[in-house]
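Remarks on the overall topology
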Amino acid sequence: MKSTQTDLNNSIVHQLPLATVLVDLSFNLIDASHTWHQFFPSKKDLNNPQKIFTFFDGHEGCTPELLEEYLIGNDIRTIRHSVMGKDNLQWLESTFAPWFDDNKTIQGTIIQTIDIGRQIQKDVELEQTKELFQATTEINHIGSWEYNIETEKLSWCKMTKQIHEVPENYEPNVAEAIEFYKQGYSRNKISMLFHKILQEGTSFNERLQIITQKGEEKWVAAGGKAIKKEGKTLKIFGTFQDINQQVVAEKRTKESERLLTTLIDNLPINVFIKDKDSRKILVNKAECSYLEASPDELIGKTDFDLYDNTVAKTSRDEDLEVMRSLKPMLGEETINVRKDGSITHFLTSKIPLLDLEGKAYGLIGMSMDITNLKQKEEQLRNLINVTAIQNKKLINFAHIVSHNLRSHSANFSMLLDFLIKEKEPKEKERILGMLSSASDNLLDTLENLNEVVDISTNVNLDKKSLSLNEGIKRVQQNLSAFLEKNKVEVTNTIDESIRVMSVPAYLESIILNLMTNAVKYRHPMRVPQITLTASNEPKGIALSVTDNGLGIDLERYGDKIFGMYKTFHNNKDARGLGLYIIKNQIEAMDGYISVESSVNKGSVFKVFFNEENE
Amino acid sequence: MNNIFIIDDDPITVFGIKKMLKASVSCENISAFDNGKMAIDQLRLDIENGCPMPEVIFLDINMPIMDGWEFLEAFLALPIENRIIINVITSSIDPADYHKWNEFRLKCFHYLNFKNKPIFKIETTDLSRINLAS
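Where an unreviewed UniProt entry is consulted, chain B appears under the name Response regulator receiver domain-containing protein, with the organism given as Flagellimonas meridianipacifica.

An unreviewed UniProt entry lists chain A under the name histidine kinase, with Flagellimonas meridianipacifica as the source organism. Recorded in UniProt for chain A, the comment headed Catalytic activity (unreviewed entry) runs: "ATP + protein L-histidine = ADP + protein N-phospho-L-histidine."

And the structure:
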């Protein structure tokens, strides 16, 4: 009976799927499942009872003493042990439970063993993950938080507390946590996000500002994710990262970038960057407005696309030289001609752009528009020329004045000296007569000089459009007696419609002087003839006065003919002033006078009026 | 002294020089000319006719038709063997005139003096350089 029962028991135990062994009170192995023997291979004959301890030989974590304690214990105990298997360490877990018979009498111990290798591995992995997580957290200043919806409890990890600068024993709640966010945008945002994750389970990750316990303002990245079970949010898990340095650095970079862009863009200088092939890769506002195009239209263009060919060639040569020599070109005066032909003067600098190996991969160019300066310089040069001419005239005039006045005063001194020494009354009277004529001469001279000064000081000349013929007729009327007496033949071929720009008084003075000169210096053997003609010249009308008089040896007198006090004929009427005065009048109106003459044939004086007002 | 030329277009100056000459020297012929052209024409005629040359010339610079410088240029070209004293007289204080005179003086075979107006007295050197030249 007992034997049958044992057999029955035996056969059942053998088939148990879980590794199981039965041990009697004497610690002998009664029976074991086949699965158990996979963990504990049988070492001897199964018929001879064997002590259970022998099977645990070589197992780490369970000494025979410990086993015995477990075997005699009246409760269920678990032990973990390991043994070196064929290839690797095998982790096992054995559970000891007391074995009772029907009468509840203790018979021995049932031991069940399971392979816990995979679980151990997971434990190790978990441990590693935790360490990794910890390290990541510390390095990146990432903290975490958790909110339990049921208990309404908020918990912060150590790092989160450090970021908030609160002590480690600080216990936050939701209201306090939200209070840490900076008033305004940050606080409003986090309140809204937290509300949304509670209601709808929407995850978030936002950059916001907090003010720590110690009052420091910080940028943080706060994230939250709802942990759900069967569609219901149980917990919210979140991250909390200190990104202050990052944000501050980013802001600083952006600020300096913006500063640089603003600076380059608003410089009143054309700035451009060119690549190796002289294609523009950056242009500022000034460059765009100069070329009347948008940056997009200019990027990728070369000077050949934008400027006159010769200018582009020169510019390209400069670029190549700068990139070849690596020496900047500084403050060179350059001339740009745009496609429409307009010319701009620039002060240009080109600086090579070097890569890490020190090779040029392009250049920065800066051009300052100095067209205005150039124009001013030109104006100034013209002004200097005008001044130099004026100055020369003035010195000449001063010498003439000094000479003339001095010659009169010298005469006075001389005559007065004679007068003082003279005893004879008759001679005295003669000297007095001389003195009076010297005084008359002086008055004449002063009058003449006054006339000249008048022209030179008439700065605001009011030129008017005048009929040339009307002017001539008026002069002819004034001279009618003089012309008649000398039997002058006047031929006037000028069209009635011709008008000239002139100061009215000057026009009459010019015609009067030229006509009287033609008569004064007439040929003694001929009837004086004066021919007046007009012609169209580039700047306006030219009046020609032709006579058949004595003529002047221009080779000999050339430049002196219009000089002051220059007379060339033995003529008592000659003052040497008429031509000097009209030349000054004509030049004061921006015109000029020319003369052609041959001795004994006659002269042609040609007056060029200037129609322009400036 | 036999022959003196005064070349000046100003009658007052001519009068003055003549008056001063009368006081300091006896001269038979004192001729006055209105400009250089008239004087040079006379000199050319005199050379042709074998007449004696003037011993002293008073020469104004600013004159119509032919001025003093032009006269000097023409005068130096004349075949005259005797050294003649030429007194250049001017009221000009333009330094250029003085420089021009000096240029003429250096290249000139004749004696050249420079006198600024007003003149009150005829100096002996204006009329005679014989002692100095010998």
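Here's the deal with the sheet that holds strand S12 (residues 280-283) of chain A
All names here are of chain A. The strand order across the open sheet built from five strands is S12-S11-S15-S14-S13, with neighbouring strands paired in antiparallel fashion. On the outer flanks of this sheet lie S12 and strand S13 (329-337), each paired with one strand and no other. Averaged over neighbouring strand pairs, the angle between their axes works out to 30° when direction is ignored. Sheet analysis places strand S11 (residues 270-275) next to strand S15 (residues 360-369), joined by six bridges and oriented antiparallel. If you follow Val271 over to S15, its bridge partner there is Met366.

Observations regarding empty space enclosed by the protein
All names here are of chain A. With the rule as written, the count across this model stands at two cavities of 30 Å³ or more. Of the volumes computed, that of the largest cavity is approximately 180 Å³. In terms of lining residues, the largest cavity is bounded by 13 residues, among which Trp145, Ala177, Tyr181, Ile190 and Phe194 are the most central. Sorting the residues of the lining of the largest cavity by element identifies strand S7 (153-156), helix H6 (174-179) and helix H7 (185-200) as the ones contributing at least two each. Roughly 30 Å³ of internal volume is contained in the second largest cavity. A per-element tally of the lining of the second largest cavity places helix H13 (residues 371-421) first, with three residues. For the lining of the second largest cavity, the class distribution of residues is four nonpolar, two polar and one charged.

Comments concerning the interface of chain A and chain B
Taken together, the 28 residues of chain A in the interface contact 26 residues of chain B. When the two sides are added together, the surface that chain A and chain B hide from each other amounts to roughly 2300 Å², 57% of it contributed by carbon and sulfur. For the chain A face of the interface with chain B, the top three residues by lost area are A:His403, A:Arg406 and A:Met414, together amounting to 24%. The partner of A:Glu427 in a salt bridge is B:Lys19, with the nearest N and O atoms 3.2 Å apart. On inspection of chain A and its partner chain B, the count reaches six residue pairs in polar contact (both at pLDDT 80 or more). Contributing elements (two or more residues each) for the side of chain A that touches chain B: H13, helix H14 (425-457) and helix H18 (554-557) of chain A. Sorting elements by how many residues they give to the side of chain A that touches chain B places H13(A) first, with twelve residues. In terms of residue class, the side of chain A that touches chain B is made up of nine nonpolar, eleven polar and eight charged.

Topic: the pairing of strand S5 (residues 106-115) of chain A
Residue and element names in this part refer to chain A. For strand S1 (residues 19-24) and S5, the ladder comprises six bridges, and the chain directions are antiparallel. Bridge pairing in S5 links Ala19 to Thr113. In terms of strand pairing, strand S4 (residues 89-100) meets S5 through nine bridges, oriented antiparallel. Paired with Pro98 across the bridge in S5 is Thr109. Where S4 folds back onto S5 in an antiparallel hairpin, the turn is made up of five residues, including Lys104, whose phi is positive at roughly 65°.

Observations concerning the UniProt feature "modified residue: 4-aspartylphosphate" (unreviewed entry) in chain B
Residues and elements named next belong to chain B. Within the UniProt annotation, "modified residue: 4-aspartylphosphate" (unreviewed entry) is assigned to Asp60. For Asp60, the location among the structural elements is in strand S3 (residues 56-60). With relative accessibility at 5%, the residue Asp60 sits in the buried group. Setting aside residues no more than four positions away along its own chain, Asp60 makes contact with Ile7, Asp8, Asp9, Gly68, Ile89, Thr90 and Lys117.

Quick notes on the UniProt feature "domain: PAC" (unreviewed entry) in chain A
Those residues carrying the UniProt feature "domain: PAC" (unreviewed entry) are residues 330-382 of chain A in this numbering. Strand forms 57% of residues 330-382 of chain A and helix 23%; the C-alpha atoms that close the span are 29 Å apart.

Some thoughts on the packing of aromatic side chains
Residues and elements named next belong to chain A. Under the definition given, this model contains 20 aromatic pairs over all chains. Ring centres of Tyr147 and Phe194 lie 5.5 Å apart, and the angle between their planes is 65°; on these two criteria the pair is classed as edge-to-face. Here Tyr147, found in strand S6 (residues 142-148), pairs with Phe194, found in helix H7; they are 47 residues apart in sequence, far enough to count as distant. Here Tyr147 matches Phe194 in class, with each residue buried.

Focus: the packing of H13(A) against helix H1 (residues 11-24) of chain B
Following both chains from N to C, one finds H13(A) and H1(B) inclined at 40°, their axes separated by 10 Å at the closest point. As for how H13(A) packs across H1(B), the hand of that crossing is left-handed. The segment H13(A) lies against H1(B), with A:Asn411, A:Met414, A:Leu415 and A:Phe418 engaging B:Ile12, B:Thr13, B:Phe15, B:Gly16, B:Lys19 and B:Met20. For the contact of H13(A) with H1(B), the per-class residue count stands at six nonpolar, three polar and one charged.

Considering the nonpolar core
Counting residues in each nonpolar core, the largest one holds 46 residues, and the members touching the most others are A:Leu468, A:Leu514, A:Ile530, A:Leu543, A:Ile593, A:Phe605 and A:Val607. Looking at this core, the element that brings in the most residues is helix H17 (residues 504-520) of chain A, giving eight residues. When residues of this core are sorted by domain, at least three fall in each of domain 4 (382-457) and domain 5 (464-608) of chain A. Core analysis: the next-biggest nonpolar cluster, separate from the first, contains 26 residues, B:Phe5, B:Phe71, B:Leu72 and B:Trp101 among them.

Quick look at the sheet that holds S3(B)
Residue and element names in this part refer to chain B. Read from one edge to the other, the open sheet built from five strands follows the order S2-S1-S3-S4-S5, with strand pairing classed as parallel. With partners counted over all chains shown, the strands left at the sheet margins are strand S2 (29-33) and strand S5 (111-116), one partner each. Sheet twist, expressed as the mean angle between neighbouring strand axes with direction ignored, is 15°. Here strand S4 (residues 85-90) runs beside S5; their pairing, made up of six bridges, is parallel. Bridged to Ile85 within S5 is Tyr111. Here H1 sits on the sheet in contact with strand S1 (3-7), S2, S3 and S4, set at roughly 155° to S1.

A short note on a nonpolar patch on the surface
Taken together, A:Leu380, A:Leu383 and A:Ile384 make up a surface patch of nonpolar side chains, about 310 Å² in accessible area. Along the chain, A:Leu383 falls in helix H13.

What to know about the packing of helix H15 (residues 468-478) of chain A against H17(A)
The packing of two helices is summarised by the inter-axis angle and the distance between the axes. All names here are of chain A. Across the interface, H15 lies against H17 with an axial gap of 9 Å and an inter-helix angle of 55°. Between H15 and H17, the angle is such that the two are oblique. Along this stretch, H15 crosses H17, giving a crossing that reads as right-handed. Residues Leu468, Gly471, Ile472, Arg474, Val475 and Gln476 of H15 form the contact with H17, whose participating residues are Leu507, Glu508, Ile511, Leu512 and Met515.

Definitions and limits used
- Residues numbered from 1 in each chain as written.
- Chains lettered and ligands numbered in written order.
- Predicted model: local features only at pLDDT ≥ 70, side-chain atom pairs only at ≥ 80, totals over all residues.
- Heavy atoms only, no water.
- UniProt positions renumbered as here; feature names shortened; annotations may be inferred.
- Pairing = 2+ DSSP bridges.
- Helix = DSSP H or I, 4+ residues; strand = E, 2+ residues; numbered from the N terminus.
- Axes fitted to C-alpha atoms, helices over the stretch in contact; angles between N-to-C directions.
- 1 Å grid on protein atoms, 1.4 Å probe; cavity = no way out; pocket = protein on both sides within 12 Å on 5 of 7 lines; lining within 4 Å.
- Points joined across faces, edges and corners; volume = space filled by probe spheres on them.
- Nonpolar A, V, L, I, M, F, W, Y, C, P; charged D, E, K, R; others polar.
- Contact = heavy atoms within 4.5 Å.
- Buried area = accessible area lost by both parts, 1.4 Å probe.
- Salt bridge = Lys/Arg side-chain N within 4 Å of Asp/Glu carboxyl O.
- Polar contact = N/O pair within 3.5 Å; in protein donor to acceptor, adjacent residues only side chain to side chain.
- Buried < 20%, exposed > 50% of the residue type's maximum accessible area, 1.4 Å probe, protein only.
- Phe/Tyr/Trp six-rings, centres within 6.5 Å; stacked < 30°, edge-to-face > 60°.
- Left-handed = near helix turned anticlockwise from the far one by under 90°.
- Core = buried A, V, L, I, M, F, W, Y, C linked by side-chain atoms within 4.5 Å.
- Domains from an automatic or database assignment.
- Patch = residues over 30% accessible without salt bridge, like charges linked within 9 Å, V, L, I, M, F, W, Y side chains within 5 Å.
- Areas by Shrake-Rupley, 256 points an atom, 1.4 Å probe, with all protein chains shown as cover.
- Parallel < 35°, antiparallel > 145°, perpendicular 65-115°, else oblique.

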